[in-house]
Amino acid sequence: MIYVFLANGFEEVEALTPVDVLRRLGCEVKTVGVGGSEITGSHGVTVKADLEEKDVETDGVEMVILPGGMPGTLNLEKSPIVRAAVEAAAKDGAWVCAICAAPSVLGHLGLLKGHRATCYPGFEQELTGAEATGAPVEVSGNFITGRGAGAAMAFALKLGEALCGEEKSRKVGAAMCVPGL
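Residues numbered from 1 in each chain as written. Predicted model: local features only at pLDDT ≥ 70, side-chain atom pairs only at ≥ 80, totals over all residues. Heavy atoms only, no water.

Remarks on the pattern of salt bridges
Selection criterion: Salt bridges are defined by distance alone: a side-chain nitrogen of Lys or Arg within 4 Å of a carboxyl oxygen of Asp or Glu. Helix and strand definitions here come from DSSP, where helices need a minimum of 4 consecutive H or I residues and strands a minimum of 2 consecutive E residues; each element is numbered from the N-terminal end. Under the scheme applied here, a residue whose accessible area is under 20% of the maximum for its type counts as buried, over 50% as exposed, and between as partly exposed, the area being computed with a 1.4 Å probe on protein chains only.
Enumeration over the complete set of coordinates arrives at five salt bridges. A salt bridge links arginine 23 to aspartate 50, with the shortest nitrogen-to-oxygen separation between them at 2.8 Å. Of this pair, arginine 23 sits in helix α1 (residues 12-24) while aspartate 50 sits in the loop between β4 (46-48) and β5 (51-52), placing them 27 residues apart in sequence. Note on aspartate 50: relative accessible area 38%, which makes it partly exposed. Between glutamate 161 and lysine 158 there is a salt bridge whose closest N-O contact spans 3.5 Å. Of this pair, glutamate 161 and lysine 158 both sit in helix α5 (residues 152-164), separated by three residues, roughly a single helical turn.

Laid out in structure tokens, this is it:
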């Protein structure tokens, strides 16, 4: 199972691009509403989540994804269920992914120590123990981080590569007319 956690104030592009790309790859992706089943993004787009956070099961999770946005990132970090799912995934060696401001959640949990990571400019100090690179996307161990909304497609394709292999991910990207593929 792949969970994409959505909290009020999430960045829509950073959340829905990975959902779309991973579903095109045939992955089982569930959006999870933090605080309810209808969640409104930072630009007024309301999404009906597949599940509510109370329905999350941490056994057998392949990947957890935290989109950024404000105050979405802060709302994600306040959720005990989000924190527990992230920590369980990290402990089990599953993929833990965050983009924009959301890598700060991983930093605050101490999960990025000794890893390379990227985030939205100005949040680098929140990546406790990580080497902040400023790259569009970073893969380090079982962590994938992205810089911001402009890197959402590269981030999504890297998630697809991690789960389904580079060739399949590139094929989906090419079919979507992603430049350079």
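Observations regarding the side chain of glutamate 138
Where we set the bar: Pairs of N or O atoms within 3.5 Å make up the polar contacts considered here, provided that, within protein, one atom can donate a hydrogen while the other can accept it, and that residues adjacent in sequence are counted only when both atoms are side-chain atoms. For this analysis, residues touch if any pair of their heavy atoms sits within 4.5 Å.
Secondary-structure assignment places glutamate 138 in strand β10 (residues 137-140). Reaching out from glutamate 138, the side chain makes a polar contact with the side chain of threonine 133 at a distance of 2.8 Å. Among residues more than four places away in sequence, those in contact with glutamate 138 are Arg116, Ala117, Thr118, Thr133, Phe143, Ile144 and Thr145.

Quick look at unusual backbone geometry
Of note, the amide linkage connecting methionine 70 to proline 71 takes the cis form, showing an omega dihedral of 5 degrees. At cysteine 100, a residue that is not glycine, the phi angle is positive and equals roughly 70 degrees. Topologically, cysteine 100 is positioned in the loop between β7 (95-99) and α4 (103-108). On the basis of relative accessible area, cysteine 100 is assigned to the buried category, the value being 10%. The backbone of cysteine 177 sits at a positive phi, close to 65 degrees, despite the residue not being glycine.

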